[in-house]
Amino acid sequence: MFEKTGIPSEEMIMGKFPPIERINKGPVAVVECYKEIPCNPCETACRFNAITIGEDINNIPVLSKDNCTGCAICLSKCPGLAIMVIDGSKSDTTVQVKLPYEFLPLPTAGEIVKGLDREGRNLADVKVIQVQNPKSFDRTPVVTIEADRSIMYKIRNIRTEAK
Amino acid sequence: MKQAELLIIGGGPAGLCAAISAASSGASVLVAERNKNLGGQLVKQTHMFFGSEKQYASTRGIDITGILLHELNKYKENVEIMTDTTIVGMFEDGVVTALHKEDNYFKIKPNAVVVATGAFEKALAFPNNDLPGIYGAGAVQTLMNVYGVKPGNKVLMVGAGNIGLIVSYQLMQAGVQVVAILDAAPKIGGYLVHASKIRRMGVPILTSHTVKKAIGKEFLEKAIVCQVDDKFNQVEGTEMEFDVDVMCISVGLTPLNELLSMRGCQMKYVPQLSGMVPLRNDNYETSIENVFAAGDTTGVEEASAAMVEGYLAGLCAAAKIGHMTDDFEERKNDYVKQLESLRSGPVGKHILSGIEQIVIKGEQYV
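Given the structure is predicted, the values throughout are model-derived calculations rather than measurements.

Caption draft 1: Seen up close, the overall build of chain B. Secondary structure assignment for chain B yields 9 helices and 19 strands. Relative to a compact globule of 366 residues, whose C-alpha radius of gyration would be 21 Å, chain B shows 21 Å and is just as compact. Over its C-alpha atoms, taken along the principal directions, chain B stretches across nearly 65 × 45 × 35 Å. Expressed as a percentage of its 366 residues, the buried residues of chain B come to 58%. Within chain B, residue pairs in contact and separated by at least 24 positions form 62% of the contacts whose partners lie at least 6 positions apart. Put simply, chain B has 33 plus and 40 minus side-chain charges, and the middle of one group is 4 Å from the middle of the other.

Caption draft 2: Focus on the domain arrangement of chain B. All names here are of chain B. In terms of domain boundaries, chain B breaks down into domain 1 (2-120 + 253-355) and domain 2 (123-249). Using C-alpha coordinates to define each centre, domain 1 is positioned 31 Å away from domain 2. Counting from both sides, the interface comprises 9 residues of domain 1 and, opposite them, 12 residues of domain 2. When domain 1 packs against domain 2, the two sides together hide about 890 Å² of surface, and 62% of this comes from carbon and sulfur. Its largest share of buried area at the contact with domain 2, domain 1 owes to K44, H47 and F50, together 57% of the area lost on that side. Joining domain 1 to domain 2, the criterion identifies 0 salt bridges. In this structure, the connection of domain 1 to domain 2 is made through 7 residue pairs in polar contact (both at pLDDT 80 or more). Partitioning the side of domain 1 that touches domain 2 into residue classes produces 4 nonpolar, 3 polar and 2 charged.

Caption draft 3: Summary view of helix α7 (residues 303-320) of chain B. Residues and elements named next belong to chain B. Counted at 1.5 Å a residue, the expected span for α7 with its 18 residues is 26 Å, and the 25 Å between its end C-alpha atoms agrees. When you tally the buried positions in α7, you get 17 out of 18 residues, the bulk of the element. Once α7 finishes, G322 follows within two positions and takes phi at roughly 105°, a positive value.

Caption draft 4: Local environment of a nonpolar patch on the surface. On the surface, V43, V146, Y147 and V149 of chain B cluster together into a nonpolar patch covering about 340 Å² of accessible area. Position of V149 of chain B among the secondary structure elements: in the loop between α3 (137-146) and β9 (154-158).

Caption draft 5: Main features of α3 of chain B. All names here are of chain B. Among all positions of α3, only A137, G138, V140, Q141 and M144 are buried. All buried residues of α3 lie within an arc of 155° about the axis, which places them on one face of the element. Where α3 ends, the next residue or the one after it, G148, has phi of about 70°, a positive value.

Caption draft 6: Local environment of the sheet that holds strand β11 (residues 205-207) of chain B. Residues and elements named next belong to chain B. Taking strand neighbours across the sheet as the criterion, the 5 strands line up as β8-β15-β9-β10-β11 in an open arrangement whose pairing is parallel. Two strands in the sheet have a free side with no partner beyond their single neighbour: β8 (134-136) and β11. Taking each pair of neighbouring strands and ignoring which way they run, the sheet shows an average axis angle of 20°. Of the strand pairs in this sheet, β9 and strand β10 (residues 177-183) are connected by 5 bridges, and their pairing is parallel.

Caption draft 7: Representation of the pattern of salt bridges. Counted by the stated rule, this structure contains 23 salt bridges over all chains. The shortest N-O distance in the salt bridge between D138 of chain A and R60 of chain B comes to 3.9 Å. Linking D138 of chain A in the loop between β7 (122-132) and β8 (142-148) with R60 of chain B in the loop between β2 (29-32) and α2 (61-73), this pair reaches from one chain into another. Neither D138 of chain A nor R60 of chain B differs from the other in exposure class; each is buried. Each member of the salt-bridge network shares a partner with another, and the members are E102, D138 and R139 of chain A together with R60 and D63 of chain B.

Parameters at a glance
- Residues numbered from 1 in each chain as written.
- Chains lettered and ligands numbered in written order.
- Predicted model: local features only at pLDDT ≥ 70, side-chain atom pairs only at ≥ 80, totals over all residues.
- Heavy atoms only, no water.
- Helix = DSSP H or I, 4+ residues; strand = E, 2+ residues; numbered from the N terminus.
- Rg over C-alpha atoms; globule rule 2.2 N^0.38 Å.
- Buried < 20%, exposed > 50% of the residue type's maximum accessible area, 1.4 Å probe, protein only.
- Contact = heavy atoms within 4.5 Å.
- Lys, Arg positive; Asp, Glu negative; His and termini not counted.
- Charge placed at Lys NZ, Arg CZ, Asp CG, Glu CD.
- Domains from an automatic or database assignment.
- Buried area = accessible area lost by both parts, 1.4 Å probe.
- Salt bridge = Lys/Arg side-chain N within 4 Å of Asp/Glu carboxyl O.
- Polar contact = N/O pair within 3.5 Å; in protein donor to acceptor, adjacent residues only side chain to side chain.
- Nonpolar A, V, L, I, M, F, W, Y, C, P; charged D, E, K, R; others polar.
- Expected span 1.5 Å × (residues − 1).
- Patch = residues over 30% accessible without salt bridge, like charges linked within 9 Å, V, L, I, M, F, W, Y side chains within 5 Å.
- Areas by Shrake-Rupley, 256 points an atom, 1.4 Å probe, with all protein chains shown as cover.
- Arc of directions from axis to C-beta.
- Pairing = 2+ DSSP bridges.
- Axes fitted to C-alpha atoms, helices over the stretch in contact; angles between N-to-C directions.

Next comes the structure, spelled out in structure tokens:
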């Protein structure tokens, strides 16, 4: 189905998430790259050797959950915007999620925005914690949101409204 | 008659890389580009490129032209660039005719040529496909990303290859609504990371669907689409209606090969390479001595492959006309490895099965 719709199955998604114990320890990347394509900037960008693709750049990236610091450099480097960072260390009831977001208007910290799933459906209102848009991210801003744990495996996008 | 050591036809990714490679080998290069600006399709590609560092992965297409021109500028004593110059003919005696702007015809006599003319968009036949509001994806991208003009307000994208997916995303970035993306094929043709990022913006991707007809009086007002079966026949009773003012046709590209045909290069129809392409050897030299080809004109692929092909063809063309560098083998092997690497995955396999049909080994073209 994924190849017909672009929507990964629950099984595919869960296969990319590190175990909950790791998520609860601190920020860690979720690399949702499911299909072999010739591409390896995530591996090149990572300073902690946390993403491995190897000699054949068509290989699917493999994340080392222990090496990954959740620094989020790879989020703005992935041409497919396939990576997010999840952090369950801040609260028992919520997680913080960093998402690449290349749309206007950019939200600001404290703002409430729509949290969307992988089909673009509205899941819940979520709070924006931080918006990073330094020059080194090359016009791929990274937005950190706080979401309820009940939607931590579902949330994958946000929508902002024009002011 | 203008003399040139190496003429490069086309100033897109393949042509610019061929120019860099040849000029850095010591050849005098003349680049002829029909548009006012260099860069070809790169000038509208606001997305980040795939590939690896050597093909500028993770850099946006719009920024790659600048990187290539900066590189080319290092060899400016060896390089002449003519924009607004269309090559209109290539003849048996090696003479090439050119048209600068609208009325200045002249002849060029190069020692060798690299043809890097790229590709052009295929069309799709359906009733009323000539209504205003029905665009090729390239036109939409040009309007939007080069001139900052919105092509319309509600778009139906036809084609779920990489261009269709990327242009849909860029339309949304420009604040234009994309109601759906369709494709007659049973599977999404483009990279699935692109498909997923559009899908999570809420845009449905309808595979096994095609356009039945367009409706509108003065301009496009509605699109009627329907399902197709596994033989691409329209299925009665599956019609859907979309109120749209833009239909964007993105059903693939085909190599732009008239100059190569005219020159008498042996050509072959290869579906995997999206059309008629020249037979060539490992150095990207065609069946006509000293006529090289690189980029989409030798088979439609990603721009990353076109750039590496350009570097390789430029290097070999320069060597052929007396500018063999000490590090020729090393550089050639590097480019060959890069191409192998870009083509080693599932998409590349398809391309390789096409390339196998056009590469002539042995003495004939060496």
